[in-house]
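# Summary of structural features
Residue strings, one per chain:
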Amino acid sequence: MSEIYNCKNSGDVYGGPGTNNQDVGGIVGELTDGSKITCSCNTGNVSGGNYIAGIAAYICANCIIKNTYNIGNVTGRNYVGGIGASYVDSNATIDSCFSLSSITGIEYVGGILGYADYNGIVSNCYYDGTVSRVSGSNIYFAGIVGYDSGIAKLVNCFATTDTEVLGSPLTTTSQLFAGSSLTPYENNHVFDVAQLAANGYDTVIKGAAWGSGSTWSDENVWKHYNDKLPELVMK
């Protein structure tokens, strides 16, 4: 168990292209049981084989990544994400994080997390960038979480129509997540940037009224503006 606080990496991290060159992250390769990363960021490009991420690649039980962001491009094979590559044990949390980057892989590729399993949670997260394929089939690519097993909880996350997944702009919340239809999705949105520009920020958010009793109005998490997208409150 360990805690990483206020850490920044600005250098490129390269793990090699082979499938055995795995667990490569901008801050850590593996976040062991009960560990935390808070108020940290990565601005360097990260690349390797499997389990490649902008912040932490392999996320174990009871780990927390919070108030952290990535703006470096991430390239790998399977299990690739802007913040985490995969959490594969119970009660892992990614909260109040964002990634503004290009995410590229073959399978299980997401703007925030590549693969979500067990009863973890991804909440209050934002992605804007391009999720694309290196080669192979179009299996499990999405704007927020590339694949979820149906047990993880995915809430209060958003992307914009500027985001592209496999060459297509996001238009619906179904493109934010891929995998099981059993997963509890709550209060996730795709922001139409053209409508925002034309009608004013508060007017149109994919047909949903802004702040109408939703947790999006929580000023402890999001700072709101009248003319641009919300920003995470970094504590």
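Look up: the structure comes first, before these words.
First, a word on what this report is: a plain description of the structure on this page. (Residues numbered from 1 in each chain as written. Predicted model: local features only at pLDDT ≥ 70, side-chain atom pairs only at ≥ 80, totals over all residues. Heavy atoms only, no water.)

## Regarding the pairing of strand β16 (residues 102-105)
Basically, it comes down to this: Being paired, for any two strands, means DSSP has found at least two bridges between them. For the purposes of this entry, the term helix denotes a DSSP run of H or I that reaches at least four residues, the term strand denotes a run of E that reaches at least two, and both are numbered from the N terminus.
Bridge count between strand β12 (residues 74-75) and β16: 2 bridges; the pairing is parallel. Bridge pairing in β16 links T75 to T104. Across 4 bridges, the pairing between β16 and strand β21 (residues 130-133) is parallel. Residue pairing in the sheet places I103 in a bridge with V131 of β21.

## Regarding the environment of S10
This is how the line gets drawn: Should any heavy atoms of two residues lie within 4.5 Å, those residues are counted as being in contact.
Counting through the fold element by element, S10 comes out in the loop between β2 (8-9) and β3 (13-14). Once the C-alpha coordinates of S10 and N45 are considered, the two residues, 35 residues apart in sequence, prove to be 8.3 Å apart. Among residues more than four places away in sequence, those in contact with S10 are T43 and G44.

## Some points on the sheet that holds β3
Read from one edge of the open sheet, 7 strands run β3-β8-β12-β16-β21-β26-β27, paired in mixed fashion. This sheet does not close on itself; its edge strands, each paired only once, are β3 and β27 (168-169).

## So, the packing of aromatic side chains
Under the convention used in this document: Side-chain rings of Phe, Tyr and Trp, where Trp is taken by its six-membered ring, are said to pair if the distance between their centres is within 6.5 Å; with planes under 30 degrees apart they count as stacked, over 60 as edge-to-face, and otherwise as tilted.
The full count for this structure, using the stated rule, is 11 aromatic pairs. Through a chain of ring-to-ring contacts, the aromatic side chains of Y51, Y58, Y79, Y108, Y115, Y140 and Y147 assemble into a single cluster.

## Focus on the sheet that holds strand β4 (residues 24-25)
Spatial ordering of the open sheet is given by β4-β9-β13-β17-β22, a layout of 5 strands whose pairing is parallel. Every other strand in the sheet has two partners, leaving β4 and β22 (139-142) as the edge strands with one partner each. With 3 bridges connecting them, strand β13 (residues 78-81) and strand β17 (residues 107-110) associate as parallel partners. Within the sheet, the bridge partner assigned to N78 lies in β17 and is E107.

## Comments concerning the nonpolar core
As a reminder, the rule being used: In these notes, a set of buried Ala, Val, Leu, Ile, Met, Phe, Trp, Tyr and Cys residues joined through side-chain atoms within 4.5 Å is what counts as a nonpolar core. Relative accessibility decides the category of a residue: with a 1.4 Å probe and only protein chains considered, values under 20% of the type maximum give buried, values over 50% give exposed, and everything between is partly exposed.
Among the nonpolar cores identified, the biggest contains 42 residues, and I37, I59, I65, I94, I112, V122 and I144 are the most heavily contacted of them. Looking at this core, the elements with two or more residues in it are β5 (28-31), β10 (56-59), β15 (93-99) and β18 (113-116). Setting aside residues no more than four positions away along its own chain, I37 makes contact with I4, I27, V28, L31, I55, A56, I64, I65, K66 and T68. Listed in part, the 8 residues of the second largest apolar core include Y51, A57, A85 and Y115.

## Section: the environment of Y79
Take Y79: it is sitting in strand β13. Residues Y79 and A53 lie 26 residues apart in sequence; the distance between their C-alpha atoms is 8.3 Å. For Y79, the residues in contact, after removing those within four places along its chain, are N50, Y51, I52, A85, S86, E107, Y108 and Y115.

Treat this as a map of the structure, not an account of what it does.
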